[in-house]
Structure formats: C-alpha cells, structure tokens
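# Architecture at a glance
What follows is the residue order along each chain.
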Amino acid sequence: GVIDRMDKVFGTLREKSSKETKDKDGVPKKLRDFYDQKAPQVKKFKSLTAYCESPNNSAEEVKLFFQKDAYNVWAVFLDTFQFYEQSQKVSKSDFVEVEKLLNVLKRILLYLPGKIKEKWQIRSISNVLEKVLHRENAHSLRLQGLDLLLWFLQDLETPDPPQTNILLTAIDLDVFKWKYAKKIVLRQKLPTSPTSDKAAPLFPSNAPPKLEDSVELLEAYLQFLGTQTQTFESNWNLFKTGYLILFYPDVCKEVGLVDKHEEAGFPGYCPYEVQNVLVPKVIFWLDNTPIVKILCGNKDNWAILLEIFRQSCQLPMEYVDTIKKSITQFRKFVLGENKDGVILPPNSVLASNKDQLLMAQRFFAEQLIFLFKAEAKPANFDQQVVLCQDILLFFKQTFERSETLAPETRNCFLFTLLDITTGLLRADSINSDLAKRLAPIIVDCLLFAWINSKIKEADMWARLQEGMQSIFHNPEPISQTQSKLLQLTIVLKNFLYPVTKKYKKIEKLTGSDGAPKKIANAQTPDHRKSHHLPTDQTIAAIHWDFESIVFTWNSILKIFENVNRIKQPGAYMGAMTVITAVVDILIQAEEKADYNSLSSPDTHPVSIINTFGNWLFEACYREEQYAEGKSLAIGCLCRLLCRHYRPFPGSYPPQLLPHFYSVIHAALSNPVGDLDPVSLAILENSSNIFNLGFPGASVLIPSYLIEIKRLMKLSSQPPTEVRRRIVIILGSIICHASQFDGMEIPLQFYGHYQRQKNKELWDIDEKLSCDQLREHTANILIQIAKTEVQLETKCMAIWSLSLLALDTLTHKPKMELLGEVLKVLLSLANHSERNVMLAALDSLACLPQVILQLEVQDQNKIVHTVVDTLCQVISTEFRKESLSASTEDLMKPATSEKQDKIPYYLNCLLEFIVASPGIFDSEEAAKKIFRMLGELLQDKKELRRASITAPTAVTTKRSKLKKGPTLTKKLSIGSEDGGLMPKDPVDVVQEASKAFVAHLSTIHCNFPSVAGSEFSTSILNENDDRNLQLENENSTNFYSFDPDAMFSVVEIPSKTAGENKARLFIRDPAVKQAWDFKLNYGSAPSEMESVQILFPPTEVPTVPKRQVESHVALGKKPPIVYKEGHDLSTSDKMADFLEHLGENHREIIPEGLKNFNQPTLLPKQFLSQIVNIQTAFAQQSSDDAKCQEEKLRSRPSLSSYAALPPKPVVPQFPEHNGRLLLSHLGVLDPFNDTEIIENFKNFQLCLRNLDQQFTREIQKVGLIYVSEGQEDQQDIFRNSKGSANYEEFVSGLGWPVALDSHKGYAGGLHSGSNGKDTPYFANPLLEVVYHEVVRLPTVPEDAQQLHKKRHVGNDTVHIVWSEHGRDYNPKTITSQFNDAHIIIYPLSNGLFRIQIARKEKVMLFGPLIHGMTVTKKLLPLLVRQTAINAYRYIRYNTEGYERPFPFRKSLIREITHRTRKLDYESFMRAVLKVEPPKEKQSGSVLILKE
C-alpha cells in the first residue's frame, strides 16, 4: 500500500523518465545487470533491489516483473541468500543487505501467492524461513522472519506439517523456564530448535534469547491474526493447536485438544507476560463480529475464551490495565454494554444460547473474588483500588437490572459479593489497607444488591445476616447498614403510616422550585432534630410493594438481632446508633400519621415497643465498658415511653412501666464516673416522665433529685441540653407537693448503704415528704439560678422559682422558703444580662396578682419587701450610673444604651403598686417610693454641671409683658424651628419616671372606674353635645402649657338659659379625660361628691429650737438700751433708734452733725426755691376750699343715690363659661406660658389619630379547644363548645363582655358576625381580648371556617386546651403569625401539663415554661400571665412597635409643636374670639381704626 501511494505521487516523473530508464531492447537500465548472465551474483541482487526500490517504478510494474521472471528472481534471491549464509558476515552493512534480501522474499510472497499456493519452491522457502527463524539469530531478524512465515502460511492456505512446525518452533518458550521453572512442561515431540546439520545462524545475536523477545514475537503473531479476518478461523485453529495447548493446557484437555494424560505446557496458569499480550488482542478481536461468531459460536473456543478471562482476573496488579480491559470487555460481552449511560442487552451470539450465557455469568462472577485477594505492591495499590471500585460499580449496575438475571445467576452474584465482603473485611484479612479503602463501597454494593433483588428465601438472608455480623468489628458495615436501613424505614413508614392532611398541607408550603417557603414554625423543647438521613435515594427509587418492603426491612433489621452480643464497645455503640435512629424515625412517623387511622383494623403499624423493646431493655443491663451504647439504648427507651401518645389503649403491657422504672432507678442510683453517660441520657430524654400522669412515676422523684444534686456539686458541668432538661424536670414536680399534700415517697427499694449515703450527703431520709420535696426542689433551682452560665437555662430556673413561690403562696406559705426565693429573684433583677433581668422582674411582677386575688397571708410583708428592694436597686443603679459617668456624658441625656435597666425596674414596681393599692397605707413605703422618684426626676446633670457652666437664661414667649427678672429653666425637648419631631436624644430615665408618675397618678385607686373596667379614658370629643354645624367644627381652641400635654375648653349648651357648662378636655400620654364645670355659689346643694383623700395627712416633724449665741449669726438687730424713765408708749421708735446709734456708734455719724436725729441744714442756694414752693402750696389750698364750697351748694337730694339689687345678666358671649374657667385656672394670666395650638392643615386628622390610640396596652390572644381525635384545623374550627373543665378554665382567664355594648378594646370582633360575647380581661395597664374558637359562630357551609381563622390565624399568641391523645402540633393552624403557643393538657392525677412552643426568634417567656405541671387553682392565672408576657416579648421586639404611653406622647408632641407665638393682645383676642380691628374706607382716604 505504501508503494502504491508513492507511485501515485511520482507517477508523472516515471512517465517522463520511462524512455531514459530503458535500453534499446526495452529492458530497464536498473535490471541490465540482473539479466546479464556474466554479472556476479551480488551485482545481480543489487540490480534487482535497485529496481524494486526505485521511485520511478510503480508497485504494479514491480509485481508484473516478479510474475514474469519469477524463476530468475527466485534464483537470484536463493543464490544471494546462500552466499550470505556461507560467508558468515556479521557486520552492520551485511545485516542491512540481509534485510534487503528478506524484503525481496516478502515481495515474492506478496506478488506470487498463486504460485506458492501451488507449492512452488515450498521446500526452499521453508528452509530459508527456518534458517531466518533460527533462535540464535538476531531478534530483529527473527521478528522479520516470523512475518514472512505468517505470509507464507497465508499463501499456502493449507500448510503441511513441516511448514506449521516452523511456526510452532518460531517463538522460543524455553525462555520462560527461568521464571516459571517448576510450572513448565514443554512437549519434546515438537522441535524447539533447528538441528545442527541444517544450518548455522544466519546473523547470530550478541545475547542469549530473552523472554521479552519471545513476547514480542507472540505479539506480532497475534497482531497478524487479527488483521486477517477471512482466514481468522484457520489461523486461530493453528494458534490454538500450536500455542494455546501450551498456554492453557488444562482447558485444552477438557475440550479434547490434548490428551488428558499428556503433560505439556504451563499447568495452572499461563505466563503473565503472555496474558498481558494475549488478552488485549483477544479483546480487540471481539469487536469484530465475524471473529466473535468464530470464538463464541464454538463450544471449545468459548471454553478456552473463558479460561483466558479467568486467568486474567488472577494476574498480579502489575498488569492492572490488562485486568481492567478483561473485566470491561467480559462485562460488555456477557452482561450487556454500557453505551452513553444506557445498558444494552448481552451479545446476541451468547443470548441465543441461554445455558452458555448463564455459565459465563456465574463463571465470571466467581473469578472476581481473586482480584480482592491479590496483594498489590505499594506502587500498584492505588490502581488496585480503582480496579476494585470499578468491579463493585459493575455489580451495582448489574443489580439495577436484577430482573433480567436468572435466579441462579442472581444468587451466584449475591454470594460472590458476600464472600468478597466478608473475605476482605474479616478481622484477619491480609489486605487490611485495601479493606479500609473499599469498606464503604463494598458494603454499600452488597446491601444494595441484596435489597434490590427482593429475594424471599429466608436461608439466603440468614447467610447475609451471619456474614454481616461477622464483620461488625469494622465500623463501616454498621454505618452502611444504617444508611440502607434508614432508607428502608422511610419507605416502610410511607406504607404503614398514612400522613395526616395537615402534614400534606405543610409539605405543599414550598416554592415553585421545591424549596420550602420562609415560614418559621414554632417548636417545643421536645422537638428534636431528625437524624442525619441518607441523601442516597437508590432504595426509595426501587418499585416496592407492601409485602416486599416489610420482608426486606425485617431481614435487614435482623442483622442487629445479636446487637447485645457485640464485644467491641465502639462497634456496639455504632450498632445501637442504628437501632435508635430507626426507632426515632418510627416515633416521628407515628406522631405525623393520621390519628384515627392508626386505630383502624385495616392499619397494621409497627409495634415499636414489641419490635425493639427487648433489645433496648437488654442493653440497659450491659457492663460498664459498653456505657456509650447503653446510654443510646436507655435514651431511646425514654423517648419511646415518655411521650404523650395513646392511640391504642392498653397497647403497653402492665408490667412494662415497673420494668422501665426499675431500669431508670438502677441507672440513676449507680452512676459510673462523674458525668455518667447513662444518667445523662436519662435526664436528657425523660424530662416528661413526671408531667404525663404516669401511674407510680413519683416513686422515681428521689432518684432524680439525688442524681441532679450530685451533678450540681461537680466541678465540671453537664452538657447544656442536660442542664435545660434538669430544669424542665424540676419544673414538672414543683406542684406535686401541693397537689399530693401529705404524700410520702418511700425509699425501701434503695439498699441500706444507699439510704445511709442519701441521708448523709443529700439529707434525704427513708421517706420523702411533700415539704421536703418542695425544699429540695427550691434549693436546686436556687443553685441553678445563681450559677448557671447558659442564659436560657438560667431564665428557665428563674421562672421555675416564680412558680414555686406562687405555689407556696397558694398552699402552705412558708415565709422562710419564700424569703429565700424572693432574695434570689431580687438579686437577679439587677443582673447584667437583659434576658435574666427581665425574667427576674417579670417573675416578681406575677406575685402581686396572686397575692391580691388569693388573699395570701402576710401579703403586706411580701409586697413591702419587694417594693423596698426595688426602690433601693433603682436608686443604687441610678447613682452608680451618674457617678461613673464622665463630664462629657453628663452634658447629654441618659440614653437607653447607658441606663436601660431603670425603666424595667419602674415597670415592675408599677405592676406591684397597681396590683397592691394598699401599698401607700404605709408611710415608710410611700416615702421610699417618692424619694426614689425624686432622685430620678431631679436635674442631676444641672447640679453636676454647676461647676462647669452657668445656667442658660431663657425668656418666655410673652417676655414683653414681664417686667421682672428673666426666668431660668431647663430647655424642653423639641426644636424651636417648627420641626415636627424632637431632634435631641431622649433621657430614658426621666421619661420612664414621668411615665411612672403619670400612670400612678391616673390609675391609683381609680380602677376600675365607675364606668367599668373597660373604660380607662374618656370617649367624648369636643363636638359631642354641642349641636354644631359642620362648618363650625374647627372653632375650638386647643392649648398647650407643656410639650407633653394639651387641653381644650368647650361650651356645653343647656336648655335653661344661663346654665351652660364648660367642658374641659385634657390629653396627655397616659389618658384623655373630660371634666364638666359649672359655677356653684352655694345657693343650691352641691353636686360635688366627697373626694377620697389620696394620702392621709402626716405630721410634720418639729425641729427643736437652738440656743441663740450670736446676733450676727442669726441675722437679727441688736437690742436698744433705753434710759430710765423713758415712756415707750409715746416715744418715736425711729428717733429712739437714731439716738441710740449716735450715742453708741459715733463713727458712723456724718460730718457736721452731733446726732442722727438732728435735722440737716439746707445749703443757702436752695432757700429761695423752698420759699416759692411754700407760696404756691398756700395759694392752691385756698382755691380748693372755694371749689368745694360751690359743689356742696349744688348737690342733689340723697334719694337719687339709693342702692337697688341688679338683675341677673344673661351672658351674650358664646364661650362665657369656658372663658371664666380659663380665667379661674390662670390661663389668662399675662405671665402664664399657655399657648394656642395652630389649627394646621392636618390638625383634625392628627387629633383623631391621637384619640384612637389606646391608653392601655392591648392584646388579642387566640383561645383554641381541641377535642379527642382532632388534628386538622378544619375539625378544630368546627368546635362550637368545649368540655366542662375547659369552660371552667376559660372563666378564670377573664369575664365575658357583650360585643354589642362593649366600649373597650374588642380585638376586631363585631357583634353578630363574631358572636354575642367574648372573654375579656383588663387591668389598669392592659386589655386582653380572647378570640375563642368555640364562641365564634360556626358556619356549616364553610368547610374551612375562614371567618374564625381570620381572627385566630392572625393572633400572635395561642392558648390551646387539648384533650387529644397526643401532642398538639404548632403547625396545625397554618399562618405566618402564631409565634407562641401555650398548650394545656389535663392529666388524670388532677394536674395540668404545660407545653410551650415558640419560634426561634421569640425569647423565653414565663411564668409557665415547657414541661411544668400546674394545679387547677393556679392554672388560669398563670396561663393568662404567660400569654401576656409572651405577647409583650414578641411585640416589644417587633421593629417599629411603641408602647401606648411613648406613642401617645410622640403624637402629642407632634401637635403641640405647632403652637402660635402671639403677643398678649392677639392671644386674648383668640381666646375671647374677638375679631381683629377692620380698616374703614372714606372716599379715597384709607382710615385705620385705633
């Protein structure tokens, strides 16, 4: 082919030079010597080679030449060959000539196939080839000779034995003896080398024959076979009978190619180097369809092919590439080809022969075991890992199509995988490094294959279970089994546990991309994060039916049936982790499943306790070294049993709880080490054991208390979650002491030694009384509240102490214990952390409500203690901040960053005072409160600034009328430039103090008012009762004498003329009030009722008189000493005094005088003026006397001067009474600072907005009743009545108010559409409206009851009364609100279990915390207060929310900032509504009225 291509390139040159290259006879010039009979032999050969190699001659021309002169060509070749054979030349140039000689022979074989087929020169050619293939020749020469031999045999088509023997001896197999000496037996009948009498080596090699040379010759032989497709079968048969019987003698004996008794070839396995060449060539052949038919269509060939692949699987890892090719090809060939990710069916040749295909599949699978047993050198280790991974991937992909496998093949593959896994991962495995690398993949593949096969044979599963248990010393089998078992459990639960409607709806709350919407859900502390579920979904993708999944799940689960016999602690803990994870999934599935369907006879859920109970209980008795796994088991057992779940009455056997109590007691009584994992697991997972009403559970209270006390004394603290659970446990037993008063818990089940130890260490005797229980609980909670570092746990302990104090107050008040609790709460009220401080203060604020309502003994002592302490704390904190502040800070208001504690203290104090109005009966308490307020309200900064700067003088707005000195006052908040909002920062301490005083002065002894508890402010407006026309609505003047208050006065007309009233409206941040005024001169009985004195008068302490020692010090004049006989009654005291000074103090008498009472002589220049004045005075006196005399003569009679009584005047002025009231109040005083508010554009809108704001805090709370079996919000919303216990509970939350007449806050409810009445609660500081589901009307046509959900779904806080058989799910009512849930469960023992669910952003609130149990007496009070606190915590942390007082204050300031700056005349005209003077026009002259 190369010659032909060159001929085309140089075709043109050959045509041009054809004439030049031939002589006259037509003989080419290059062949002139070839035809010359006289030319030497060598010269003839050179002429022949020159002609053949000439570019001017085409391949066809050379071929025609060879066919025309074949005999001459052969003669020249043979003579030349014999020449070189006899010359024995070994130079390099001679070797080149020999190669040229062999090229001529190849041309003969290529150009003269017909002649050779006819046996032309066959013997001569055979002799030449045999000599060329002499084993002592150079390897390159032999390689060229083998190529010639193969072409020679190709031409012969049916060679005779002499020719085939040359081929059989061409590849030297003796070279393998040195490496495989003990395993080679070569047949002696075949010639292995030329006889000595034939010929010597043509071109001897410098080195003895090498193994690599034989391998290269074999590769060349195989390469030639693959290129000759048409003659492949004959060539394959020749290779098979010549060499394969030596390479694979065993299989050749089986197929009959060799006698079974003949010893020949390589027994056991073919040389690795031969396989490394043969296998890739065979794989290459199998891509050729005609060759595939030859190799696979014949049974003998197929058997040999399988043996080739079998032995290739046992090659050392140095030949990993060959092994990988073998496996890949066999997999494609036997099991189907993987093409672009699609598995194609097996080859059609094999598919037509099912038995042959099955045999191949099983045979191949069995051989793969050896690849995992092979020991690779370090250099090949990574390659072995990759190879094994590919094999495992092959298995996995095979079982993805397991339905195409025959049962025999499937079982063979399964057992193969099992043998591979157990062999590689067993404890004494020689390939430990490979086991570490492959363990996750191999176990995953094994379990997937067994699971996906869905086999039902129990004996096969038993083999798997036994095999897996044998390798549990390795953690990976346990881990992979966990992954598969969890996936199976998830699939199983979808079959066994139907999901309720609510969870289906929740699952639909996802975005378009499948991602969940950002709706935070409230969660209880019992909500535990799910185990890390496997992300692999291969098991779920399998098509399952009910029977298959149940059988497979049980079969995989039985792998752990001997879990408590595992000896390795680490493996035991891993196995127990698997079991507990499965139990937790099933528990969650039960809780989410449809409640009613679980009790249906058509449902067959897994009995968790029956399936796993034996394993878990057995684990509780294992030895100490298995503590970690034991803790997992007992923790899982606690989670399983300590839950609110009762779908099957009597589903737990009666002996279960005693057994469980025994296990818990034994573990808690015998801890191993300080932080025993078993006891920690119990405390963490059994926090509900005392709040579920389990019969006899109280017997474990001493065990828990002793262990908790032990842990509290350790230097190393338990984990955070355990400490939280401890507080929950303690909170659940607080009310046991009052509910079961008189009960004693025996400790007989403790041993004598243990009882003595409990007595010495924990002060717990043989019996635990209720009083001791309360005392021990209080001591532990006090210690936790003092020492706990985790803030939420600390707050939980504080709230628990609050419940303990309230329970103590309502049952058997013990002032000593109560005093300790109050002491801790008061100390924590000054904590640096805000959350802790709030918890303590709000805990204290709960006390007065209980004290007031339940009339607790010694309530005054408790109230005074708290009030005194709070006053002291506030004063101390205020002074500390003031003294520690820098000079620069003192020049600024105290912002919330510096003094944010004091407002909270004041709020707590206000709650106490409001709930305990008798606090001011104590003079001492009143003094402390007002002294503290005086400190907060005093201008401390001004006092401290006195040494720095002088006070600023600020004149009033009407300073022109003020003739006296200017006034000095503090600048008020707000800008003077007419801005709407204050620009200066607010002093939070003074603002909080002002709010405190405003509330106190408004509501103290004034709640509830005569109008009712729903009225805290007036609902009247200026235009009520006035009958004004629309255009006169804005005629009322509004006044401001302070930025934080405004007032107005309107005239209220009366039917009787002259008896109008003046109505005064006062608006401040705390309240809006309307007062009616009427002048009363005492002519009629007073309409004023007696006013109760707010504070009783107290005696002002007299100051004892001091001795006067110094006249100067006392600031008095010295006494005058009179002469004897001086008459004081007639004497001039001033003259006496001047005389006294002159006599006793002559140094002060003016010059020229002898005494002070001596007249001073006038200077002469003034005497004339005095004479003139005296003359004028005398003349004027005479004139006045004459005038008076004339007037007397003309005076009328006395009757004209008679005094008559005036008639009553009917006021003509429209605002007469209002003006009088303003005058009497001093508003019209010229020196008063009252200003008129400008009636700006949006004034009425601002005023209306102000009047619409509530003066008290308002809250709306959802109140939900859940009956047995109700889990869907539609069912719950259909409830129209509750149980008797529920109704009794609701009556304690508040009182019903009629919606049609209710004037207070209604929470958006309206009469008619929202029912007739609703529960309502109010105190001086807040109003609470309950959106009660059962009171809201039920619309039968509305399946979703949207009118109910419209209210309840938008409530921030829900109170849920649940009589359902399992825990209420906070997700039941789907909404973006519902941040907090207070859930009450009635218990059979008379207590009530509390469950708290809150969103993550909501801070912990109280006084009820999750897990508490409460008595019936305290339940309504504490639930209401908890709902109020929850609402406050949520609303106060909502961005943009302001409490009523500061919000109203900001609105008032926005209005009062619009005051008009008027002079006195304009001010009075505006007050009296006198029109300003108008201009008069006369002709063209403009005249202004004076």
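Everything quoted here is computed from the prediction, not taken from an experiment. (Residues numbered from 1 in each chain as written. Predicted model: local features only at pLDDT ≥ 70, side-chain atom pairs only at ≥ 80, totals over all residues. Heavy atoms only, no water.)

On a plain count of helices and strands, the protein comes out with 59 helices and 19 strands. Per-residue burial over the protein gives 49% buried out of 1490 residues. Considering only residue pairs separated by 6 or more positions, the protein has 71% of its internal contacts joining residues 24 or more positions apart. Only carbon and sulfur atoms are counted for the fraction: they give 52% of the accessible area of the protein, which is about 75,800 Å². (Helix = DSSP H or I, 4+ residues; strand = E, 2+ residues; numbered from the N terminus. Buried < 20%, exposed > 50% of the residue type's maximum accessible area, 1.4 Å probe, protein only. Contact = heavy atoms within 4.5 Å. Areas by Shrake-Rupley, 256 points an atom, 1.4 Å probe, with all protein chains shown as cover.)

Turning to the side chain of E590, a few remarks are in order. Among the secondary structure elements, E590 is positioned in helix α29 (residues 569–592). Look past the residues within four positions of E590 in its chain and what remains in contact with it is Y497, L598, V606, I608, R643, Y645 and R1366.

Our next topic: the sheet that holds strand β13 (residues 1326–1332). Two strands in a sheet stick together by hydrogen bonds in their backbones, pointing the same way (parallel) or opposite ways (antiparallel). One open sheet holds the eight strands; their spatial order is β11-β12-β13-β10-β14-β15-β16-β17, and the pairing between them is mixed. Edge positions in the sheet fall to β11 (1295–1298) and β17 (1413–1414), since each of these pairs with one other strand and no more. Alignment of strand β14 (residues 1357–1362) against strand β15 (residues 1380–1386), held across five bridges, turns out to be parallel. Paired with W1361 across the strands is I1384, a residue of β15. (Pairing = 2+ DSSP bridges.)

Here is the key point about a regular strand: its side chains alternate between the two faces of the sheet. The buried fraction of strand β6 (residues 1045–1052) amounts to eight of the eight residues, a majority that puts the element mostly inside the structure. A two-sided burial pattern is seen for β6, the buried positions comprising A1045, F1047, V1049 and E1051 on one face and M1046, S1048, V1050 and I1052 on the other. By the bridge criterion, three bridges tie strand β5 (residues 1038–1042) to β6 in an arrangement that is antiparallel. Bridging from a neighbouring strand, D1042 pairs with A1045 of β6. Between the antiparallel neighbours β5 and β6 lie two residues. By the bridge criterion, seven bridges tie β6 to strand β7 (residues 1061–1067) in an arrangement that is antiparallel. Paired with I1052 across the two strands is K1061, which belongs to β7.

The next thing to look at is the packing of helix α33 (residues 656–669) against helix α34 (residues 677–685). Relative to each other, α33 and α34 sit at 130°, their axes nearing to 8 Å. On the basis of the axis angle, α33 is oblique to α34. The element α33 and its partner α34 pack so that their crossing is left-handed. Residues I664, A667 and L668 of α33 form the contact with α34, whose own contacting residues are V678, S679 and I682. Considered class by class, the residues forming the contact of α33 with α34 number five nonpolar, one polar and no charged. (Axes fitted to C-alpha atoms, helices over the stretch in contact; angles between N-to-C directions. Parallel < 35°, antiparallel > 145°, perpendicular 65-115°, else oblique. Left-handed = near helix turned anticlockwise from the far one by under 90°. Nonpolar A, V, L, I, M, F, W, Y, C, P; charged D, E, K, R; others polar.)

Another aspect to go through is the packing of aromatic side chains. Across all of its chains, the model carries 45 aromatic pairs by this definition. Considering the side-chain rings of F77 and F81, the 6.1 Å spacing of their centres and the 25° angle between planes classify their relative orientation as stacked. You can see F77 and its partner F81 sitting in helix α6 (residues 70–87), four residues apart, about one turn around the helix. The burial state of F77 is the same as that of F81; both residues are buried. With a centroid separation of 6.0 Å and an interplanar angle of 70°, the aromatic rings of F415 and W450 are classed as edge-to-face. Taken as a pair, F415 in helix α23 (residues 407–425) and W450 in helix α24 (residues 432–453) lie far apart in primary sequence, 35 residues in all. (Phe/Tyr/Trp six-rings, centres within 6.5 Å; stacked < 30°, edge-to-face > 60°.)

Turning our attention to the sheet that holds β6. Spatially, β8-β7-β6-β5-β9 is the arrangement adopted by the five strands of the open sheet, whose pairing is antiparallel. Every interior strand has two partners, whereas the edge strands, β8 (1072–1077) and β9 (1235–1236), have only one. In terms of strand pairing, β5 meets β9 through two bridges, oriented antiparallel. What sits directly across from S1040, in β9, is E1235. Most of the contacts of helix α52 (residues 1216–1224) go to β6, to which it runs at about 140°, and overall it touches β5, β6, β7 and β8.

Turning our attention to the environment of S429. Looking at the element boundaries, S429 is found in the loop between α23 and α24. Judged by its relative accessible area of 15%, S429 is buried. Taking the C-alpha atoms as reference points, S429 and K373, 56 residues apart in sequence, are found 8.9 Å from one another. Sequence-distant contacts of S429, defined by excluding residues within four places in its chain, comprise G423 and L424.

We now examine the pattern of salt bridges. Under the definition given, this model contains 45 salt bridges. For the salt bridge of E97 with K100, the shortest nitrogen-to-oxygen distance reads 3.9 Å. With a gap of three residues between them, E97 and K100 both fall in helix α7 (residues 92–111), about one helical turn apart. Residue E97 is classed as buried on the basis of its relative accessible area of 19%. Measuring nitrogen to oxygen at the nearest pair gives 3.5 Å for the salt bridge that ties K814 to D771. (Salt bridge = Lys/Arg side-chain N within 4 Å of Asp/Glu carboxyl O.)

Of all residues in the protein, 78% have pLDDT values of 70 or greater, and the mean over the chain is 78. When pLDDT is averaged over each element of the protein, β14 comes out on top at 96 and strand β19 (residues 1485–1488) at the bottom at 32. Contacts of residues 9–20 to residues separated by more than four positions or lying in other chains number 10 contacts, the stretch itself having pLDDT below 50. In the model, residues 894–899 has pLDDT below 50 throughout and makes 16 contacts with residues more than four positions away in sequence or in other chains. (pLDDT = per-residue confidence, 0-100.)

Over its 17 residues, helix α12 (residues 211–227) runs 25 Å from end to end, which matches the ideal 24 Å to within 8%, given 1.5 Å per residue. What α12 keeps buried is the set L211, D213, S214, V215, L217, L218, Y221, L222, F224, L225 and G226. At its buried positions, α12 is contacted by α10 (139–156), α11 (161–170), α13 (232–247), α15 (272–285) and α16 (289–297). (Expected span 1.5 Å × (residues − 1).)

On to unusual backbone geometry, then. The linkage connecting G1406 with the following residue, P1407, adopts the cis geometry, with an omega of 10°. The phi torsion at Q121 lies on the positive side, around 50°, for a residue other than glycine. When you line up the elements, Q121 lands in the loop between α8 (113–117) and α9 (122–132).

Our next topic: the nonpolar core. In terms of nonpolar packing, the biggest core is built from 359 residues, with F239, F247, F612 and F1289 touching the most fellow members. Formed by 19 residues, the second largest nonpolar core is a distinct cluster that contains I1276, V1329, I1383 and Y1385. (Core = buried A, V, L, I, M, F, W, Y, C linked by side-chain atoms within 4.5 Å.)

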